[in-house]
Amino acid sequence: MRFGLFGSATARHGGPDVDSGQGYRQFVDYNVEAEALGYHSTFLVEHHFTGFGQVSASLALLTWVAAKTKTLRLGTAVLVLPWHNPALLAEQAATLDLLSNGRFDFGIGKGYRWGEFHGFCIPMEEAGERYDEAVAFLRKAWTSKGRFSHHGERWHYEDIVVEPAPVQKPHPPLWIGAHSPDSIRQAAENGFNLLLGQNGSPEVVAEGIGVYRKAVEAQGRAFDPMTVGLTRALHVAINAEEREAAHRLRMQFMRNVQQLSLSPSGGSPTLGRPRRALSQEDMRKATETDALLGTPEEIIGRIRKLQKGGVEYVLLIDVGGSLATLRTFAREVMPEFPD
């Protein structure tokens with residue numbers, strides 16, 4: 001198995017006496033240690049207008065991580081295409097791939113937070129159309145052998161060549177998040193690697209991997225389990241007190257995401273389904289069934305159950321960003337699952 005990281009960094013707000021860059025430097029140091037401990041990758045989110053300094057310039061921060069590491073793969077999870085100029089994005093992503101010597105994993109998505117679309121003055125109903133055009137442009141930009149033109153619904157370019165070229169051919173791997181069987185199937189049919197979310201029981205995860213594998217093989221391609229990354233919250237808890245603290249931390253995280261995701265009417269059009277606000281009981285149950293929670297021995301058992309369902313690549317979310325947790329998992333859990 002392989003283990004990577006999934007997370008964010010925070011720039012603190014405040015006056016001249018506040019070191020706003022401390023959180024970003026801690027994130028970089030955290031990933032440098034993760035590489036030394038044997039972690040395979042780090043995936044970084046992109047978010048805007050949160051009010052608590054969540055990372056927004058993901059490619060810039062990953063470029064700094066690239067300069068400090070040698071083997072750690074560097075991913076976005078995800079970069080929201082409807083907000084970006086695709087020509088500039090193609091250049092920036094290729095530059096990161098070049099500087100990292102081919103270590104970039106390009107996770108892309110349509111976006112789901114109403115407040116971000118509202119802030120950019122982009123109707124969420126346009127997300128799908130903007131996303132589709134951007135994906136088509138990126139692939140064309142990275143595979144065209146000479147100059148080309150593009151005249152789409154949202155973007156127009158005349159007689160251009162995108163430089164530099166990425167190191168990975170034909171381009172960095174494209175990863176997308178998917179949840180429903182239809183969206184998972186479409187990911188496989190479009191040649192995307194798959195990011196499965198942190199919510200979902202081992203049975204639900206196994207079902208999703210089965211759908212993806214079947215769709216890949218139906219196209220005559222061999223299924224590679226390392227093209228599916230499963231995100232899981234990680235909470236090492238040695239005793240009942242630590243377990244309860246983990247539940248409180250997880251609930252606060254889930255409440256924050258919930259609050260930022262929904263429109264004033266309680267919907268999220270890009271997800272294609274209404275989003276129901278989770279109760280405290282719902283959150284507690286989800287943490288017990290979905291998260292890697294407990295002692296190292298208990299976490300090993302949870303991972304073995306996921307592995308039986310086809311999981312071979314896990315991306316860990318430690319909301320607290322604890323170096324102690326990073327080290328404990330590497331030393332007491334990872335040796336049970338050699339790559």
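Preceding this paragraph is the structure being described.
Overview of the structure. (Residues numbered from 1 in each chain as written. Predicted model: local features only at pLDDT ≥ 70, side-chain atom pairs only at ≥ 80, totals over all residues. Heavy atoms only, no water.)

Within the chain, the regular secondary structure consists of 11 helices and 12 strands. Taken over the C-alpha trace, the chain has a radius of gyration of 20 Å; the compact-globule value for 339 residues is 20 Å, and the two agree within 12%. When its C-alpha atoms are laid out on the principal axes, the chain stretches across 65 × 55 × 45 Å. Counting every position in the chain, which comprises 339 residues, the buried fraction comes to 48%. (Helix = DSSP H or I, 4+ residues; strand = E, 2+ residues; numbered from the N terminus. Rg over C-alpha atoms; globule rule 2.2 N^0.38 Å. Buried < 20%, exposed > 50% of the residue type's maximum accessible area, 1.4 Å probe, protein only.)

Here we come to the side chain of Asp 105. Tracing the chain through its elements places Asp 105 in strand S5 (residues 104-109). Overall, Asp 105 belongs to the buried group, its relative accessible area being 3%. Setting aside anything within four residues of it in sequence, one finds Asp 105 in contact with Phe 43, Arg 73, Leu 74, Gly 75, Thr 76, Pro 173 and Trp 175. (Contact = heavy atoms within 4.5 Å.)

The next point concerns the packing of helix H2 (residues 58-68) against helix H3 (residues 86-99). Across the interface, H2 lies against H3 with an axial gap of 9 Å and an inter-helix angle of 10 degrees. In terms of their interaxial angle, H2 and H3 are classed as roughly parallel. Residues Leu 59, Leu 62, Thr 63 and Ala 66 of H2 lie in contact with H3, whose contacting residues are Leu 89, Gln 92, Ala 93, Leu 96 and Leu 99. Residue classes in the contact of H2 with H3 are distributed as 7 nonpolar, 2 polar and no charged. (Axes fitted to C-alpha atoms, helices over the stretch in contact; angles between N-to-C directions. Parallel < 35°, antiparallel > 145°, perpendicular 65-115°, else oblique. Nonpolar A, V, L, I, M, F, W, Y, C, P; charged D, E, K, R; others polar.)

This part covers unusual backbone geometry. Omega for the peptide link from Ala 77 to Val 78 comes to -5 degrees, which places this bond in the cis form. Mapped onto the secondary structure, Val 78 falls in the loop between strand S3 (73-76) and strand S4 (79-80). Of the consecutive residues Lys 169 and Pro 170, the connecting peptide bond is found in the cis state with omega at 0 degrees. Mapped onto the elements of the fold, Pro 170 is located in the loop between strand S7 (156-160) and strand S8 (174-177). Although it is not a glycine, Asn 101 adopts a positive phi angle of roughly 60 degrees. Following the sequence through the fold, Asn 101 ends up in the loop between H3 and S5. Of the residues examined, Asn 101 reaches a relative accessible area of 63% and is grouped as exposed.

Next up on the list: the side chain of Arg 73. Tracing the backbone shows Arg 73 in strand S3. A distance of 3.3 Å separates a polar side-chain atom of Arg 73 from the backbone oxygen of Phe 104. Leaving out residues up to four positions away in the same chain, Arg 73 has contacts with His 40, Ser 41, Thr 42, Gly 102, Arg 103, Phe 104, Asp 105, Gln 168 and Pro 173. (Polar contact = N/O pair within 3.5 Å; in protein donor to acceptor, adjacent residues only side chain to side chain.)

Let us look at the pattern of salt bridges. On inspection of all chains with the given rule, the structure shows 16 salt bridges. One salt bridge connects Arg 154 with Glu 126, and the closest N-O pair in it is separated by 3.4 Å. On the criterion of sequence distance, the pair formed by Arg 154 in the loop between strand S6 (148-151) and S7 and Glu 126 in the loop between helix H4 (114-120) and helix H5 (127-143) is long-range, its members being 28 residues apart. Where salt bridges share partners, they join Glu 126, Glu 129, Arg 130 and Arg 154 into one cluster. (Salt bridge = Lys/Arg side-chain N within 4 Å of Asp/Glu carboxyl O.)

Evaluated as defined, the whole model comprises 14 aromatic pairs. Here the aromatic rings of Phe 104 and Phe 106 are separated by 5.2 Å at their centres, their planes lie at 35 degrees, and the arrangement is tilted. Of the two residues, Phe 104 and Phe 106, both sit in the buried class. (Phe/Tyr/Trp six-rings, centres within 6.5 Å; stacked < 30°, edge-to-face > 60°.)

Compared with the 22 Å implied by 1.5 Å per residue over 16 residues, the 22 Å span of helix H1 (residues 22-37) between its first and last C-alpha is a close match. By the burial criterion, the buried members of H1 are Gly 23, Phe 27, Val 28, Tyr 30, Asn 31, Ala 34 and Glu 35. All buried residues of H1 lie within an arc of 160 degrees about the axis, which places them on one face of the element. In H1, those exposed residues whose orientation departs by more than 90 degrees from the buried face are Asp 29 and Ala 36. Packing partners of the buried residues in H1 comprise strand S1 (2-7), strand S2 (41-44), H2 and helix H11 (323-332). Backbone geometry just downstream of H1 places Gly 38 in the positive-phi region, at approximately 105 degrees. (Expected span 1.5 Å × (residues − 1). Arc of directions from axis to C-beta.)

The side chains of a regular strand alternate, first on one face of the sheet and then on the other. Of the two faces of strand S9 (residues 193-196), the one holding Asn 193 and Leu 195 and the one holding Leu 194 and Leu 196 are both buried throughout. As paired strands, S8 and S9 are joined by 3 bridges and run parallel to one another. Bridge pairing links Gly 177 to Leu 195 in S9. Handedness of the crossover is the feature at issue here: the chain leaves S8, passes through helix H6 (residues 181-189), returns alongside S9, and the resulting connection is right-handed. Pairing of S9 with strand S10 (residues 228-236) involves 3 bridges; the strand directions are parallel. Bridged to Leu 194 within S10 is Val 228. (Pairing = 2+ DSSP bridges. Right-handed = clockwise from strand over helix to strand, strands pointing away.)

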